[in-house]
Amino acid sequence: MNADDIRQAAEALEGALGDPWDATLPTSYAAALRHDESELFPQDGWDALLSQDYFGAFIPTAEGGRLRRFDELLQLGRVVCRRDVTLGVAAGQCLLASLPVWIGGDASQRARVATLLRAGGAGGLALTEQAHGSDLAASELRAVARGDGYRLDGEKWCINNATRGAFITALARTDADGGPRGFSLFCVDKARVVGGLAPLPRLPTHGVRAADISGMRFEGAQVRDDTRVGREGAGLPLVLRTMQVSRTLCAAFSLGAADSALRLATDFALRRSLYGGPIIELPAVRARLSRAYRRVLLADAIAHVGTRALSVFPEQMSLLSAVVKVAVPQLAMDAIADCAVVLGARHYLRVGPYAGFQKLMRDAALISLFDGSAEVNRHILAGQLGRVSLARDAELSSRGDDVLRGVRAVAALDHAVPDMRWDALKTSNRGRDDLLTAALVSRAPGGGDAGGGDAAGGDAGGGGADDAAARAMETVAAQVRALDAAVRAQEERGDASATSALADRYVWLTVAASVAHVAAASPRCALGTHFDAEVLVHDALALGGLLPASAAETRDAPMLDALLSLQRERRSFGLNPFAIADSEVPA
């Protein structure tokens, strides 16, 4: 699917779910608020998704579904989450529970999970335990081989869909001594369990208050041998590969929330009169909205690059997925915070036309904790920084053309990426970092220019856009060289204290590189949203402390005009804007 196909798919789901300001609809803003206030799961919204075969998008085509690549899922998730993050996250958890089976399961397991999803059966990935949190190697749930299956004993805690789910994919210790090969994954169809399996009490939460966040207790629960996913002892590597997909797709949750926040704040700024005119005319308000919009564009750029890279170079997702997971929730929360300032007291109210804002703000704050917190993901990045920096020059000389070709395929949003290759996911990048290396290739003699068209050989357009893309790429290339030098110096000093700061620097440099590559390879998408590559690259690098805070205010007017145009035309905010079903915000 290319950008047009994905936009049409998003618009079809928008139309089917209907106007979210129509309080009679199950996927309306009013319904989301009712469920949040009562802390009751939005089953009517779930049924609405089921009626549209939403869960078919989670099932690979080989199993009769529609899943071939992930850039479409990014947009479909945004459609749901801009209405209700709780509903979108609960649905997304079904994909998370299924991913280990798509990646490492056999044909019968894949068929069984596909059947459950088609029937609307919820799933959950059960990794965490109350005593150990995200320290998966300390998990105590035991699976002991017995007869033609396993006996499970222990608990899993703080799991989405744990109680209402039809199936749970759980990590269990299959070797008493643990270790890298001491754990296995089990896809447990609750209807097939013999013996003790009971839900733990529901956990009240600050955000997503209507979600089923609970857990389960296994007491002598007997499961069949065909419940184990992959070979015994392969659980931890399978979890690592699963997380590379799920961390990337968490971007849909954050982007959906940020879209609604920005839409509400912009509407308020256009309607609210103060000091003799609408507050949209106040410089401080304009600056807040412009910055929020820029944050959304940054998040959208790295999210699109991440979801498309899953198809083009899945073997490098151990790093890129961690970057997406650190950057997108933070960018979304930054945007939401700016919108809260514009709304003033109304951002805190649970009544009135802007009452949904306080809910989405609480819901969005939770996303940074999913699939490893920001610090967990920075730790993942820090563990590979030395190897990728030391390998950069060798990669540049031996694979330069291939690197640039692959990155331009990722960044050319107008063109479809290949189908996902599940078996190509790896637990580490093995020294490859094409997204940053490509910035150096594009500036090398004979390596082409940053504005040299997309992966399909299209014309990038002329004049200022090309020049801006080239300057943005030059800025990124210089920062890549500076980062590599800093990493090498740290390696020589053996200074572990600098690792976290370098990992954060890597995050924002990768976001900046995504912007530069998209500007070079996707001029139609970029220019359609006034994608000022130089300003956005500067913003990203400033977030990493690599450049002073952006002076974007001098170039804010065109970007704010683009925001207001999208608001007026009722289209989503981002690189591939789709028509939304919203009517006017009630007065």
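These figures come from a predicted structure and were not determined experimentally.

Caption draft 1: Region of the structure containing the overall build of the protein. Per the secondary structure count, the protein includes 18 helices and ten strands. Its C-alpha atoms give the protein a radius of gyration of 23 Å, near enough to 25 Å, the size a compact globule of 587 residues would have. Restricting the contact set of the protein to residue pairs at least 6 apart, pairs at least 24 apart contribute 78%. Total accessible area on the protein is roughly 20800 Å²; 53% of this is exposed by carbon and sulfur atoms. Of the charged side chains in the protein, 63 are positive and 70 negative; the average position of the first set lies 2 Å away from that of the second.

Caption draft 2: How the structure looks around the packing of aromatic side chains. Following the criterion strictly, the structure yields eleven aromatic pairs and no others. On the basis of an interplanar angle of 85 degrees and a centroid distance of 5.8 Å, the ring pair of phenylalanine 55 and phenylalanine 58 is categorised as edge-to-face. Each member of the pair, phenylalanine 55 together with phenylalanine 58, is buried. Taken together, the ring pairs connect Phe41, Trp46, Tyr54, Phe55 and Phe58 into an aromatic cluster. Sitting over the face of the ring of phenylalanine 41, arginine 164 holds its NZ or CZ atom 3.7 Å from the ring centroid. For the cation-ring pair, arginine 164 lies above tryptophan 46, with the distance from its terminal atom to the ring centre recorded as 4.3 Å.

Caption draft 3: View of the packing of helix α7 (residues 235–249) against helix α8 (residues 251–271). Running from amino to carboxyl end, α7 crosses α8 at an angle of 5 degrees, the nearest separation of the two axes being 4 Å. One element, α7, and the other, α8, form an angle in the roughly parallel class. Where α7 approaches α8, its residues Arg247, Thr248 and Leu249 are matched on the opposing element by Ala251, Ala252 and Phe253. Split by residue class, the contact of α7 with α8 holds four nonpolar, one polar and one charged.

Caption draft 4: Seen up close, the nonpolar core. Trp102 and Leu289 are the most contacted members of the largest nonpolar core, which has 174 residues in total. The contact partners of tryptophan 102, leaving out residues within four places of it in the chain, are Phe58, Ile59, Pro60, Glu63, Leu95, Arg110, Val113, Ala114, Leu117 and Trp422. By size, the runner-up hydrophobic cluster in this structure holds 17 residues, among which are Ala143, Tyr150, Ile168 and Phe218.

Caption draft 5: Representation of helix α6 (residues 107–118). End to end, α6 covers 17 Å across twelve residues, agreeing with the expected 16 Å (1.5 Å per residue, within 8%). Listed as buried for α6 are Gln109, Arg112, Val113, Ala114, Leu116 and Leu117. In the segment just after α6, glycine 120 is the residue with positive phi, at about 85 degrees.

Caption draft 6: Fine view of the pairing of strand β5 (residues 183–189). β5 sits mainly inside the fold: seven of its seven residues count as buried. Of the pairings in the sheet, the one linking β5 to strand β8 (residues 228–229) comprises two bridges and is antiparallel in character. Residue pairing in the sheet places phenylalanine 186 in a bridge with arginine 228 of β8.

Caption draft 7: Structural context of the packing of α8 against helix α18 (residues 556–568). Close contact between α8 and α18 brings their axes to 11 Å; oriented N to C, the two are set at 95 degrees. When the axis of α8 is compared with that of α18, the two are roughly perpendicular. Here Leu262, Arg263, Thr266, Asp267 and Leu270 of α8 lie close against α18, whose contacting residues are Leu563, Leu564, Leu566 and Gln567. Tallied by class, the residues present in the contact of α8 with α18 amount to five nonpolar, two polar and two charged.

Caption draft 8: Spatial organisation of the pattern of salt bridges. A complete count under the given rule lists 43 salt bridges for this structure. One salt bridge in this structure joins arginine 69 and aspartate 419, with 2.7 Å as the shortest N-O distance. Taken as a pair, arginine 69 in the loop between α3 (43–51) and α4 (71–81) and aspartate 419 in the loop between α12 (374–411) and α13 (434–441) lie far apart in primary sequence, 350 residues in all. Looking at aspartate 419, the relative accessible area reads 34%, which means it is partly exposed. Note that aspartate 226 and arginine 192 form a salt bridge whose closest N and O atoms lie 3.5 Å from each other. Residue aspartate 226 is located in the loop between β7 (213–224) and β8, and its partner arginine 192 is located in the loop between β5 and β6 (194–200); the two are separated by 34 residues in the primary sequence. Connected via shared salt-bridge partners are Asp36, Glu39, Arg202, Arg209 and Arg362.

Caption draft 9: Helix α5 (residues 85–104), seen in detail. Across its 20 residues, α5 extends 29 Å between first and last C-alpha, which sits within 8% of the 28 Å expected from 1.5 Å per residue. Along α5, the largest kink reaches about 35 degrees and is centred on serine 98; proline proline 100 follows within four residues of it. Judged by how many residues are buried, α5 sits mostly within the fold: 19 of 20 residues are covered.

Caption draft 10: Structural view of the environment of alanine 126. Tracing the chain through its elements places alanine 126 in strand β1 (residues 123–126). Along the primary structure alanine 126 and threonine 169 are separated by 43 residues, whereas in three dimensions their C-alpha atoms are 5.8 Å apart. Those residues in contact with alanine 126 that lie beyond four places of it in its chain are Lys156, Ile159, Ile168, Thr169, Ala170, Leu171 and Met216.

Caption draft 11: The arrangement of the environment of alanine 337 in detail. Relative to the helices and strands, alanine 337 is located in helix α10 (residues 317–343). Alanine 337 gets classed as partly exposed once you look at its relative accessible area, which sits at 41%. Along the chain, alanine 337 and methionine 361 lie 24 residues apart, while their C-alpha atoms are 8.3 Å from each other.

Caption draft 12: Here's a closer look at the state of the cysteines. Evaluation of the coordinates by the stated rule reveals zero disulfides. Here cysteine 250 is not cross-linked by a disulfide; its sulfur's nearest cysteine counterpart is in cysteine 81, at 9.6 Å. In this structure cysteine 339 is a free cysteine whose sulfur lies 17 Å from that of cysteine 81, the closest cysteine sulfur available. Take cysteine 339: its relative accessible area is 1%, and that puts it in the buried class.

Caption draft 13: Looking closely at the confidence of the model for the protein. On average, residues of the protein carry a pLDDT of 93, and 94% of them reach 70 or more. In the model, residues 449–462 has pLDDT below 50 throughout and makes 32 contacts with residues more than four positions away in sequence or in other chains.

Caption draft 14: Expanded view of the environment of glycine 400. Along the chain, glycine 400 falls in helix α12. The exposure class assigned to glycine 400 is buried, which follows from its relative accessible area of 8%. Residue contacts for glycine 400: discarding those within four places in its chain leaves Glu395 and Val441.

Caption draft 15: Representation of unusual backbone geometry. Backbone geometry at aspartate 53 places phi at a positive 55 degrees, although glycine is not the residue there. One non-glycine residue, valine 208, adopts positive backbone phi at about 40 degrees. Overall, the relative accessible area of 2% leaves valine 208 in the buried class.

Analysis parameters
- Residues numbered from 1 in each chain as written.
- Predicted model: local features only at pLDDT ≥ 70, side-chain atom pairs only at ≥ 80, totals over all residues.
- Heavy atoms only, no water.
- Helix = DSSP H or I, 4+ residues; strand = E, 2+ residues; numbered from the N terminus.
- Rg over C-alpha atoms; globule rule 2.2 N^0.38 Å.
- Contact = heavy atoms within 4.5 Å.
- Areas by Shrake-Rupley, 256 points an atom, 1.4 Å probe, with all protein chains shown as cover.
- Lys, Arg positive; Asp, Glu negative; His and termini not counted.
- Charge placed at Lys NZ, Arg CZ, Asp CG, Glu CD.
- Phe/Tyr/Trp six-rings, centres within 6.5 Å; stacked < 30°, edge-to-face > 60°.
- Buried < 20%, exposed > 50% of the residue type's maximum accessible area, 1.4 Å probe, protein only.
- Lys NZ or Arg CZ within 6 Å of the ring centre and 35° of its normal.
- Axes fitted to C-alpha atoms, helices over the stretch in contact; angles between N-to-C directions.
- Parallel < 35°, antiparallel > 145°, perpendicular 65-115°, else oblique.
- Nonpolar A, V, L, I, M, F, W, Y, C, P; charged D, E, K, R; others polar.
- Core = buried A, V, L, I, M, F, W, Y, C linked by side-chain atoms within 4.5 Å.
- Expected span 1.5 Å × (residues − 1).
- Pairing = 2+ DSSP bridges.
- Salt bridge = Lys/Arg side-chain N within 4 Å of Asp/Glu carboxyl O.
- Bend = angle between axes of the 7 residues up to and from the residue.
- Disulfide = S-S within 2.5 Å.
- pLDDT = per-residue confidence, 0-100.

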